[in-house]
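Residue-level structural notes
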Amino acid sequence: MTTVLAVANQKGGVAKTTTVASLGAALAAMGKRVLVVDLDPQGCLTFSLGHNPDRLERSVNEVLAGDVEAAEVILSTVDDMDLLPATIDLAGAEALLLMRAGREFALKRALAPLLGHYDVVVIDCPPSLGVLTLNGLTAAQAVLVPLQCETLAHRGVGQLLRTVREVQAITNPDLVLLGALPTLYDARTTHSRDVLADVSDRYSMPVLAPPIPRTVKFAEASASGASVLAGRKNKGADAYRELADNLVRHWEGGAVATFAAE
Ligand code: ADP
Ligand code: MG
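Everything numeric in this text was worked out from a predicted model, so none of it was measured. For every chain, the first residue of the written sequence is number 1, and numbering continues from 1 onward in sequence order. Chain letters and ligand numbers both follow the written order, the letters beginning at A and the numbers at 1. In view of the model being predicted, local features appear only for residues whose pLDDT reaches at least 70, and side-chain atom pairs are presented and counted only at 80 or more, with totals across whole chains, interfaces and linings using the full set of residues. By convention in this description, side-chain values take in all heavy atoms of the structure and omit both hydrogens and water.

Things to note about the packing of helix α1 (residues 16-29) against helix α10 (residues 235-251)
In this description, a line fitted to the C-alpha atoms serves as the axis of each element, helices being fitted only across the stretch in contact, and the angle between N-to-C directions of two axes falls anywhere from 0 to 180 degrees. Secondary structure elements are taken from DSSP: a helix is a run of H or I of four residues or more, a strand is a run of E of two residues or more, and numbering for both begins at the N terminus. The N-to-C vectors of α1 and α10 enclose an angle of 70°; their axes lie 8 Å apart at closest approach. Considering their axes alone, α1 and α10 lie roughly perpendicular with respect to each other. Here α1 runs over α10; the crossing is right-handed. Within the contact between the two elements, α1 uses T18, T19, S22, L23, A26 and L27 and α10 uses Y240, R241, L243, A244, L247, V248 and W251. Orientation categories follow fixed angle ranges, with anything under 35 degrees roughly parallel, anything over 145 roughly antiparallel, 65 to 115 roughly perpendicular, and all other angles oblique. Here is the rule for handedness: rotate from the far helix to the near one, and if that takes an anticlockwise turn smaller than a right angle the crossing is left-handed, while a clockwise turn gives right-handed. Contacts are residue-level and defined by heavy atoms, with any inter-residue pair within 4.5 Å sufficient.

Describing the sheet that holds strand β1 (residues 3-7)
Through backbone hydrogen bonds, the strands of a sheet pair up, either in parallel or in antiparallel fashion. Spatial strand order, β3-β4-β2-β5-β1-β6-β7: seven strands in an open sheet with mixed pairing. Each end of this open sheet is capped by a strand with a single partner; those strands are β3 (75-76) and β7 (176-183). By this definition, two strands are paired if DSSP reports at least two bridges between them. As defined by bridge partners, strand β2 (residues 34-38) adjoins strand β5 (residues 120-124) across five bridges and the pair is classed as parallel. Within the sheet, the bridge partner assigned to V34 lies in β5 and is V120.

Topic: the site of ligand 1
The criterion for a residue being near a molecule or strand is simple. One of its heavy atoms has to lie within 4 Å of it. The environment of ligand 1 is formed by 14 residues, the closest being G13, T17, T18, P213 and T215. At a separation of 3.1 Å, an oxygen atom of ligand 1 approaches a polar backbone atom of V14. N or O atoms within 3.5 Å of each other form a polar contact, as long as, within protein, one can give a hydrogen and the other can take it, and as long as residues adjacent in sequence are counted only when both atoms are side-chain atoms. At 2.6 Å, a side-chain N or O of T18 approaches an oxygen atom of ligand 1. Only the protein chains shown count as cover for residues, and all accessible areas are computed by the Shrake-Rupley method using a 1.4 Å probe. Compared with its free state, where it exposes 560 Å², ligand 1 has 76% of that area covered by protein. Of all the elements in the fold, those that place two or more residues in the shell around ligand 1 are α1 and α9 (217-224). Ranked by residue count, the leading element in the shell around ligand 1 is α1, at three residues. Taken together, the residues of the shell around ligand 1 sort by class into seven nonpolar, five polar and two charged. Residues are grouped as follows: nonpolar covers Ala, Val, Leu, Ile, Met, Phe, Trp, Tyr, Cys and Pro; charged covers Asp, Glu, Lys and Arg; every other residue, Gly included, is treated as polar.

Observations regarding the nonpolar core
Buried residues of nine kinds, namely Ala, Val, Leu, Ile, Met, Phe, Trp, Tyr and Cys, make up a nonpolar core once their side-chain atoms join them within 4.5 Å. Buried, partly exposed and exposed residues are distinguished by accessible area as a fraction of the type maximum, computed with a 1.4 Å probe on protein chains only: under 20%, between the cut-offs, and over 50%, respectively. The biggest cluster of nonpolar side chains holds 51 residues, and the ones touching the most others in it are L35, V37, L64, L84, L111 and I123. It is helix α7 (residues 156-170) that contributes the most residues to this core, five residues altogether. Discounting chain neighbours no more than four positions away, the residues touching L111 are L35, V37, L84, V121, I123 and A139. If you look at the next biggest cluster of nonpolar residues, it comprises 34 residues, including A21, A28, L45 and L181.

Description of the side chain of T46
For T46, the location among the structural elements is in helix α2 (residues 44-48). Setting aside anything within four residues of it in sequence, one finds T46 in contact with D38, H51, P53, L56, L83, P85 and A86.

Digging into the packing of helix α6 (residues 131-139) against α7
Contact pair α6 / α7: the axes reach a minimum separation of 10 Å and the direction vectors enclose 55°. As the angle between them shows, α6 and α7 are arranged oblique. With respect to the hand of their crossing, α6 and α7 are arranged in right-handed fashion. When α6 is examined against α7, the residues L134, L137 and T138 are found in contact with a partner set consisting of T163, V164 and V167. Here the residues of the contact of α6 with α7 are counted per class, giving four nonpolar, two polar and no charged.

A look at α1
A helix is expected to reach a length of 1.5 Å times the quantity of its residues less one. If you check α1, its first and last C-alpha atoms are 20 Å apart, about what 14 residues at 1.5 Å a residue would give, namely 20 Å. Most of α1 is tucked away, with 12 of its 14 residues classed as buried. Taken together, the buried positions of α1 are occupied by K16, T17, T19, V20, A21, S22, L23, G24, A25, A26, L27 and A28. Two residues or fewer after α1 comes G31, characterised by a positive phi angle close to 95°.

Points about the packing of aromatic side chains
Between rings of Phe, Tyr and Trp, where Trp is taken as its six-membered ring, a pair exists when centres lie within 6.5 Å; planes separated by under 30 degrees are stacked, by over 60 edge-to-face, and by other angles tilted. Scanning the model with the defined rule gives two aromatic pairs in all. Aromatic pair F218 and Y240: ring centres 5.8 Å apart, planes at 80°, arrangement edge-to-face. Here F218 is found in helix α9, whereas its partner Y240 is found in helix α10, with 22 residues between them in sequence. The buried category is assigned to F218, whose relative accessible area is 15%. Judged by its relative accessible area of 0%, Y240 falls in the buried class.

Looking at the pairing of β1
Most of β1 is tucked away: five of the five residues are buried. The side-chain alternation of β1 yields two buried faces, one formed by T3, L5 and V7 and the other by V4 and A6. In this sheet, β5 lies alongside β1 in parallel orientation, the contact comprising five bridges. From the neighbouring strand, T3 faces β5, where its bridge partner is V120. Judged from the three bridges that link them, β1 and strand β6 (residues 142-148) form a sheet pairing that is parallel. Within β6, the residue paired with V7 across the bridge is L144.

Given below as structure tokens:
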């Protein structure tokens, strides 16, 4: 059974792409067969995993359009996981998909023939709630929402949760809201902890453990073309390894590890 996980939040800069790359690499290091999917026309995931989006002839865009099979576009990465890359052409997919019947199902259909080849598929959604994110949520069994701990400005979360409920009602009744993942976390401040308590109260959404600490290693990693796990030992990589461990245990039937329970 393949687990398909969407990482979504319409706010930019909350560590969606970093989470997909690092969690994917951690799962691969545990021996899982992992595919990561770049659904953002900016191609940041593609770039951070060592492939220049400007030099790719085909990407997830042609796959969503139905012109090529996903298997023909998939690239390998130094982190031992496969990548379905994005290029800026994906910006045109929104308009193209909008004219099609079943437009929310394009990714789900494209991934179907691949599912037997992977244990986990992790989807990096773009910073919007448009048709690409709807495709990510429709193709997924679970959604994880990275939340920056620094600001109390989580006003977009209500809107995102409404979108998740709409997807559950219309295109994907089985979609599970896994929870919020605290990112850019600074354990030294009580502020970060207050923000998390507020999120779990206000949205009655589980807050996953562990919170991902703020460290400069992530910026260094994305410039190097490999995830933060490929570099020297650091607390950011350790946190994503622990998250991967917790999620695998959850997928094997255990309860999901939450921050409040710690
Ligand atoms: P998103 O995909 O949500 O827009 P990114 O994953 O691209 O967010 O992250 C935004 C920026 O924050 C990037 O420059 C990334 O390197 C940085 N970043 C992400 N996680 C951390 C972290 N835990 N500590 C420090 N910087 C981080
Ligand atoms: Mg991103």
